[in-house]
There are 2 protein chains.
Amino acid sequence: MDDKPANGRSGGWKQDPAGVRKNILAVAMAEFAANGLSGARIDEIAAKTSTSKRMIYYYFGDKEGLYRRVLEEAYREVRAGEQELELDHVPPVEALKLLAEFTFDHHSRHPDFIRLVMIENIHHGAYLERSELIRPLNAGAVQKLETICRRGREVGVFREDVTPLQLHWHISAMSFFNVSNRTSFSHIFGTDLFSAGGQEALKKQMVEMVVGLALKPHRRSRGSAESRRHFRGDTK
Amino acid sequence: MDDKPANGRSGGWKQDPAGVRKNILAVAMAEFAANGLSGARIDEIAAKTSTSKRMIYYYFGDKEGLYRRVLEEAYREVRAGEQELELDHVPPVEALKLLAEFTFDHHSRHPDFIRLVMIENIHHGAYLERSELIRPLNAGAVQKLETICRRGREVGVFREDVTPLQLHWHISAMSFFNVSNRTSFSHIFGTDLFSAGGQEALKKQMVEMVVGLALKPHRRSRGSAESRRHFRGDTK
DNA sequence: ACCACTTTGTACAAACCGGTTAATTTGCTA
DNA sequence: TAGCAAATTAACCGGTTTGTACAAAGTGGT
């Protein structure tokens, strides 16, 4: 029927599968992180790549496939950074402190990753479930804490009734929230907490709180009866 | 052309603008919280109301208008519940403790609100910005803390270098994260932390940490040099 | 009885958007 | 250098979804 194929101009182009995939993944990660799963637009992603929409489907099948690969890639990147932390030769309290500080900074440096996790949680972890890549990453973080806690208890300075998982929870909460809720918080309360100094202060306080929780409570030589009571946590 | 108007059956109905708006808002809040802004479907919302899609546009203009009203309503509800807390007649340390506990439970009881805030943050607070209603609502939460801190410092038990806003930040972080990241966390680490007992333990620890941060550090009669050093926070 | 506001219904346009069809180019290799 | 699979381009499709137009009528206050 078509006597004139009218193909696109036969401009030269190079084959570069790996590069194209990488390019798509990078753009998609930014888009998904910025707009969420249903908020991100395939056409928009395509427009921002150096290739075309068709290639996205060629390499990733469909939108969910792309999203899943983006998730895995994000976890891989973050995980790689986390492995570098070496704590075995440090005394336990110092190790806990370093780990907490590192987590705080690490999350701060990977806002896109945080946003992807937020999105995952909004979607009830539907896509997380299908990826076996993700569980071990977080497990690694807790493993570090388990070692620290064991050593700390052996030396006799750590409490017995605070578990590594709980510590991980508290550290994660403050480090994660610090990134995830930055927008709404700074909009309501101003940006003081997010200046360089503000962040340093928050981090220091977070570390102090976590270490304080892990350490055995010491008898205090002075201080009001009230404050001491609260420190032991016996309310009723 | 149409000789037969064929209007809807002339069944009796009552006028109830307030009720209709309320009904729409409630359904929309659940839908937006469950699916996000772009994930929620107007038709789906309409189907779940006791009225029609037409009324949504009649009262709210468009999807964004509806979303904005939902946001404001959510903030209003949550803050209204928060106002009930009366702390002025309680000693400062106890007041701080009660406020922290309350916040933890309150967030836990309003997961939809948490989800809406998550969604807002993913959207970079674009809709929050347009609402002048929301800022003052949140400011109220910190005002309570300011009062508590002032009283605590007057009595001499609170540190001077920990601000009410920082305390609010830490309390919010742990209370918010406890709901927002429940899915991914429990998927990775199991559900122990979310059993009744697990939640009680987390809450108690959170309160202990916050109170511990606010209180003046006391000299310790015994304890390793290491642990004491870390308590003062002087690293380098 | 008037009149503005509220409610009901349906059908539909117009945009949006995920996904596909088909043709063409590249580059390897036999 | 012909053949062929992988890579790439551009145009297109059809379902979905937002939002509207139109038409009619009930409600309630004054």
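Residues numbered from 1 in each chain as written. Chains lettered and ligands numbered in written order. Predicted model: local features only at pLDDT ≥ 70, side-chain atom pairs only at ≥ 80, totals over all residues. Heavy atoms only, no water.

S.K.: Just give me the short version of the overall build of chain A, but keep the residues and values in it.
M.R.: Looking only at helices and strands, one finds 11 helices and zero strands in chain A. By the burial criterion, 53% of the 236 residues in chain A qualify as buried. Restricting the contact set of chain A to residue pairs at least 6 apart, pairs at least 24 apart contribute 71%. Accessible area for chain A stands at about 11,700 Å²; split by element, carbon and sulfur atoms hold 50% of it. (Helix = DSSP H or I, 4+ residues; strand = E, 2+ residues; numbered from the N terminus. Buried < 20%, exposed > 50% of the residue type's maximum accessible area, 1.4 Å probe, protein only. Contact = heavy atoms within 4.5 Å. Areas by Shrake-Rupley, 256 points an atom, 1.4 Å probe, with all protein chains shown as cover.)

S.K.: Tell me about the relation of the copies chain A and chain B, and name the residues and values.
M.R.: In the superposition of chain A on chain B (RMSD 0.6 Å, axial shift 0.1 Å), the rotation amounts to 179°. In symmetry terms, the pair is related by a two-fold rotation axis. Looking at the interface residues of chain A, 97% of them are also at the interface in chain B, so both copies use one shared face. (Least-squares fit on C-alpha atoms with pLDDT ≥ 70 in both.)

S.K.: Give me the lowdown on the environment of Arg153 of chain A, citing residues and values where you can.
M.R.: Residues and elements named next belong to chain A. Note on placement: Arg153 falls in helix 7 (residues 134–155). Accessibility expressed as a relative area gives 29% for Arg153, which makes it partly exposed. Counting along the chain gives 61 residues from Arg153 to Pro92, while the straight-line C-alpha distance between them is 8.9 Å. Aside from chain neighbours lying at most four places away, what touches Arg153 is Phe158, Arg159, Glu160 and Val162.

S.K.: Residue-level account of the interface of chain A and chain B, with values.
M.R.: Every contact between the two is made by 77 residues of chain A and, on the other side, 76 residues of chain B. Roughly 7,200 Å² of surface becomes buried between chain A and chain B when both sides are summed, with 65% attributable to carbon and sulfur atoms. Notably, a salt bridge pairs Glu208 of chain A with Arg159 of chain B, separated by 2.6 Å at the nearest N-O pair. Listing elements by their share of the side of chain A that touches chain B, those giving two or more residues are helix 1 (17–35), helix 5 (92–109), helix 6 (111–122), helix 7, helix 8 (164–180), helix 9 (182–189), helix 10 (196–214) and helix 11 (225–232) of chain A. (Buried area = accessible area lost by both parts, 1.4 Å probe. Salt bridge = Lys/Arg side-chain N within 4 Å of Asp/Glu carboxyl O.)

S.K.: Residues and numbers for the packing of aromatic side chains, please.
M.R.: Two aromatic rings, taken as a pair, are described by how far apart their centres are and by the angle between their planes. In the structure shown here, the tally under the stated rule is 20 aromatic pairs over all chains. Ring centres of Phe177 of chain A and Phe185 of chain A lie 6.0 Å apart, and the angle between their planes is 80°; this geometry places the pair in the edge-to-face category. Overall, the relative accessible area of 3% leaves Phe177 of chain A in the buried class. Taken together, the ring pairs in this structure connect Trp169 and Phe176 of chain A together with Phe177, Phe185, Phe189 and Phe194 of chain B into an aromatic cluster. (Phe/Tyr/Trp six-rings, centres within 6.5 Å; stacked < 30°, edge-to-face > 60°.)

S.K.: Let's hear about the packing of helix 6 of chain A against helix 8 of chain A: which residues, and what values?
M.R.: Residue and element names in this part refer to chain A. For the pair helix 6 and helix 8, interaxial distance at closest approach is 9 Å and the crossing angle is 100°. Taken together, the axes of helix 6 and helix 8 lie roughly perpendicular to each other. The segment helix 6 lies against helix 8, with Pro111, Ile114, Val117 and Met118 engaging Phe176, Val179 and Ser180. (Axes fitted to C-alpha atoms, helices over the stretch in contact; angles between N-to-C directions. Parallel < 35°, antiparallel > 145°, perpendicular 65-115°, else oblique.)

S.K.: Explain the packing of helix 5 (residues 92–109) of chain B against helix 8 (residues 164–180) of chain B residue by residue, including any values.
M.R.: Residue and element names in this part refer to chain B. Two elements in contact, helix 5 and helix 8, have axes separated by 8 Å at closest approach and are oriented at 30°. In this view, helix 5 runs roughly parallel relative to helix 8, as classed from their interaxial angle. Like other packed secondary-structure pairs, helix 5 and helix 8 cross with a definite hand, here right-handed. On helix 8, the residues that touch Leu96, Ala100, Thr103, Phe104, His107 and Ser108 of helix 5 are Leu167, Ile171, Met174, Ser175, Phe176, Asn178 and Val179. (Left-handed = near helix turned anticlockwise from the far one by under 90°.)

S.K.: So what about unusual backbone geometry? Which residues, and what values?
M.R.: All names here are of chain A. A positive phi is found at His124, a non-glycine position, where the angle reads about 60°. Note on placement: His124 falls in the loop between helix 6 and helix 7. On the accessibility criterion, His124 (46% relative accessible area) is partly exposed.

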